[in-house]
Amino acid sequence: MSKLDEMGKKVRKLQLGAAVAKMKLRDLAEDLPVQWTEIEEVAEETFAVFAELDAAKRELAAMKNLR
């Protein structure tokens, strides 16, 4: 498997994780004010996943441009 294929696979995996994190945050928001103390933790996790996804997408784009 080429590095480009591996990075594409990583991006797809991160996209799935980002979708799960987004839904978790959305579900938490819908249940407010119940479990309001979890907002910061869930938001930080969601932010981290999306930041990692963004970095991976940028790296994949750079790899494609170098081909």
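Quick note: structure is the one above.
Quick caveat: nothing in here was measured; it's all calculated off a predicted structure. (Residues numbered from 1 in each chain as written. Predicted model: local features only at pLDDT ≥ 70, side-chain atom pairs only at ≥ 80, totals over all residues. Heavy atoms only, no water.)

Chemist: Would you explain the environment of Ala-48 in this entry?
Modeler: Secondary-structure assignment places Ala-48 in helix H2 (residues 39-66). Between the alpha carbons of Ala-48 and Glu-6 there is a distance of 21 Å; along the sequence they are 42 residues apart. (Helix = DSSP H or I, 4+ residues; strand = E, 2+ residues; numbered from the N terminus.)

Chemist: Explain the side chain of Thr-46 to me, please; I cannot follow it from the model alone.
Modeler: Mapped onto the elements, Thr-46 comes out in helix H2. Since its relative accessible area comes to 8%, Thr-46 is described here as buried. In terms of polar contacts, Thr-46 uses its side chain to reach the backbone carbonyl oxygen of Ala-21, at 3.4 Å. (Buried < 20%, exposed > 50% of the residue type's maximum accessible area, 1.4 Å probe, protein only. Polar contact = N/O pair within 3.5 Å; in protein donor to acceptor, adjacent residues only side chain to side chain.)

Chemist: What exactly am I supposed to notice about the pattern of salt bridges here?
Modeler: Between side chains of opposite charge, pairing is possible as soon as their charged atoms come close. Counted according to the given criterion, the structure contains four salt bridges. The salt bridge involving Glu-30 is made with Arg-26; its shortest N-O contact spans 3.0 Å. Pair noted here: Glu-30 and Arg-26 are both in helix H1 (residues 3-30), with a separation of four residues, about one helical turn. According to the relative accessible area criterion, Glu-30 is exposed, its value standing at 52%. Arg-26 gets classed as partly exposed once you look at its relative accessible area, which sits at 41%. Note that Arg-58 is salt-bridged to Asp-54, the shortest N-O span being 2.9 Å. Remark: Asp-54 and Arg-58 occur in helix H2; sequence separation between them is four residues, near one turn of the helix. The class for Asp-54 is partly exposed, based on a relative accessible area of 36%. (Salt bridge = Lys/Arg side-chain N within 4 Å of Asp/Glu carboxyl O.)

Chemist: For this particular structure, what's the right way to read the nonpolar core?
Modeler: Side chains of a nonpolar character, in soluble globular proteins, are inclined to be buried together. Of all hydrophobic cores here, the largest spans eight residues; its members are Leu-4, Met-7, Val-11, Leu-14, Ala-18, Leu-53, Ala-56 and Leu-60. At the level of elements, H1 and H2 are the ones that each hand at least two residues to this core. Ranked by the residues each element gives to this core, the list is headed by H1, at five residues. Contact partners of Leu-53, with chain neighbours within four places excluded, come to Val-11, Leu-14, Gln-15 and Ala-18. (Core = buried A, V, L, I, M, F, W, Y, C linked by side-chain atoms within 4.5 Å. Contact = heavy atoms within 4.5 Å.)

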